[in-house]
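Topology and contacts: notes
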Amino acid sequence: MTDLWTKLKTRSKPIFIYGMGNGAQKLFNILEKYEIPICGVFASDEFVRDKYFNGFKIKSYGDIRRENDDIIVLTAFGTNRREVTDNIKRIAGECELYAPDIPVYGNTLFNTDYYRAHIKDLEFVRNRLNDDYSKNVFDCIVNFKLTGDITYLFNCECDKSEPFENILKLNKDEIFMDLGAYRADTVLEFLKYTGGCKKIYAVEPDGKTFVKLKQKLDCKSDSGDIICINAAAGACEGSSRFEAGSGRSSHLSDKGHQVRMVTVDGILDGQCATYIKFDVEGGERDAIEGARHTIKAYKPRLKIAAYHRTEDLTEIVKQVSEIRDDYKVYMRHHPYIPAWDTDYYFI
């Protein structure tokens, strides 16, 4: 299958980028590398003012269409907001639109060369998946990554309740570790489906976010024993630098301020966990390594984000399978453009 970048090199239609910011800059850099010309940038109407991005005056989609009969649109941001995804679908119905798969962290692109070089790893992961639903999700995600065609995402998405009801099947006896707890969103989601628990460890490295996490969870003391830990989960204990941002842009980096590093094994100190969520902005494989003893000894259910780095699609399943080969593996994608909110579940 021809990848998006190769396809764009053969097209004569003018190419416009939808969006600004870090994602747009990454996209600009890739298009420049592939020598693919860009004709302009547009944004949603509320963001169109007297602004410029990389030398292009920001216009509205309506302005672009009045000036051009036929165009190619490349989205340059991530969203799960219904009104925004509906707008993207509307634009896709009017012209040729793609959502390029650009990793949140790292520079490895899932292009044709990458696909061919990792075909055996991809086959290994697909064969490890436990149900046809997961295999369809996997196939759609691979095809999306190659083509940028958003219909592949729509063909495999499910509501966030589905894995709770059909895969995780949690109860009030859980010991839950939330790695990347943010503002308690996933802790509250967990409690919604369980009604309570034995214990929760909520781990969040960003100081300002941690304050909000604590505020939300302090009033949940009747739901179980809740321990909030202001640290980053990794492969070993110590310290690292952490670059704070908004939501997904917060991550371990060679910049930023020092944060404490902890491991799942160190926090538990030989005790068990029954369910661990890994969503640590590109540090998932390090955090898995830091949970090696717990996974091997207790086989907790695992939910692991599979979309931050290109390599995560295969390496996460290989890593967990090396620790324990008796997990049943599932894959789910929740509504998001591009393929964010794509997770592996190990049961």
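As shown above, the structure is provided for reference.
This structure is a prediction, so every number in the text was calculated from the model and none was measured.

**Some points on the nonpolar core**
Ranked by internal contacts, the top residues of the largest apolar core, which has 62 residues, are Phe138, Leu179, Phe278, Leu302, Leu313, Tyr344 and Phe346. It is helix α7 (residues 132-147) that contributes the most residues to this core, seven residues altogether. Setting aside anything within four residues of it in sequence, one finds leucine 313 in contact with Phe110, Leu122, Val125, Phe138, Ile141, Val142, Lys145, Ala306, Met331 and Tyr344. By size, the runner-up hydrophobic cluster in this structure holds 23 residues, among which are Ile30, Val41, Leu74 and Ala76.

**What about the sheet that holds strand β6 (residues 72-75)?**
One open sheet accounts for five strands, arranged β5-β2-β1-β6-β7; its pairing is parallel. The open sheet terminates on both sides in strands that have one partner only, identified here as β5 (59-60) and β7 (96-98).

**What to know about the side chain of histidine 308**
In this fold, histidine 308 is placed in the loop between β16 (301-305) and α15 (312-323). Residue classification places histidine 308 among the buried positions, given a relative accessible area of 0%. A polar side-chain atom of histidine 308 sits 3.4 Å from a polar atom in the side chain of glutamate 281.

**Structural notes on the packing of aromatic side chains**
If you walk through the whole model with that rule in mind, you get 15 aromatic pairs. On the basis of an interplanar angle of 50 degrees and a centroid distance of 5.3 Å, the ring pair of phenylalanine 110 and tyrosine 114 is categorised as tilted. Given the relative accessible area of 2%, phenylalanine 110 is considered buried. Through pairs of rings, three or more aromatic residues link up here, namely Tyr18, Phe42, Tyr61 and Phe77. Stacked on the ring of phenylalanine 154, the Lys or Arg lysine 89 has its end atom at 4.6 Å from the ring centre. Just above the ring of tyrosine 327 sits the side chain of lysine 299; from NZ or CZ to the centre is 5.5 Å.

**Brief notes about the packing of helix α6 (residues 119-128) against α7**
For any two helices packed against each other, the geometry is given by the interaxial angle and the distance between the axes. Interhelical geometry of α6 versus α7 gives an angle of 155 degrees and a closest axis separation of 9 Å. Taken together, α6 and α7 sit at an angle that is classed as roughly antiparallel. Judged by the twist between their axes, the crossing of α6 over α7 is right-handed. On α7, the residues touching Leu122, Val125, Arg126 and Asn127 of α6 are Lys135, Phe138, Asp139 and Val142. Residues of the contact of α6 with α7, tallied by class, amount to four nonpolar, one polar and three charged.

**With respect to a positive patch on the surface**
Judged by side-chain charge, Arg183, Lys208, Lys212 and Lys216 come together as a positively charged surface patch. Checked against the element boundaries, arginine 183 lands in the loop between β8 (175-179) and α10 (185-194). Residue classification places arginine 183 among the partly exposed residues on the basis of a relative accessible area of 32%.

**Quick word on the environment of cysteine 140**
Examined against the element boundaries, cysteine 140 turns out to sit in helix α7. Sequence separation of cysteine 140 and tyrosine 182 is 42 residues, and the distance between their C-alpha atoms is 29 Å. Look past the residues within four positions of cysteine 140 in its chain and what remains in contact with it is Tyr152, Asn155 and Cys156.

**Thoughts on the pattern of salt bridges**
One pass over the full model with this rule turns up 24 salt bridges. One salt bridge in this structure joins arginine 332 and glutamate 162, with 2.7 Å as the shortest N-O distance. Within this pair, whereas arginine 332 is found in strand β17 (residues 329-333), its partner glutamate 162 is found in helix α9 (residues 161-168), the two being separated by 170 residues in sequence. Here arginine 332 matches glutamate 162 in class, with each residue buried. Across the pair glutamate 174 and arginine 301 runs a salt bridge whose closest N-O atoms are separated by 2.8 Å. Note that glutamate 174 is positioned in the loop between α9 and β8 and arginine 301 in strand β16, a separation of 127 residues in sequence. Salt bridges linked by common partners bring Arg11, Lys13, Asp70 and Glu96 together as one network.

Basis of the calculations
Residues numbered from 1 in each chain as written. Predicted model: local features only at pLDDT ≥ 70, side-chain atom pairs only at ≥ 80, totals over all residues. Heavy atoms only, no water. Core = buried A, V, L, I, M, F, W, Y, C linked by side-chain atoms within 4.5 Å. Buried < 20%, exposed > 50% of the residue type's maximum accessible area, 1.4 Å probe, protein only. Helix = DSSP H or I, 4+ residues; strand = E, 2+ residues; numbered from the N terminus. Contact = heavy atoms within 4.5 Å. Pairing = 2+ DSSP bridges. Polar contact = N/O pair within 3.5 Å; in protein donor to acceptor, adjacent residues only side chain to side chain. Phe/Tyr/Trp six-rings, centres within 6.5 Å; stacked < 30°, edge-to-face > 60°. Lys NZ or Arg CZ within 6 Å of the ring centre and 35° of its normal. Axes fitted to C-alpha atoms, helices over the stretch in contact; angles between N-to-C directions. Parallel < 35°, antiparallel > 145°, perpendicular 65-115°, else oblique. Left-handed = near helix turned anticlockwise from the far one by under 90°. Nonpolar A, V, L, I, M, F, W, Y, C, P; charged D, E, K, R; others polar. Patch = residues over 30% accessible without salt bridge, like charges linked within 9 Å, V, L, I, M, F, W, Y side chains within 5 Å. Areas by Shrake-Rupley, 256 points an atom, 1.4 Å probe, with all protein chains shown as cover. Salt bridge = Lys/Arg side-chain N within 4 Å of Asp/Glu carboxyl O. Lys, Arg positive; Asp, Glu negative; His and termini not counted. Charge placed at Lys NZ, Arg CZ, Asp CG, Glu CD.

Spatial relationships are all this shows, so hold off on functional conclusions.
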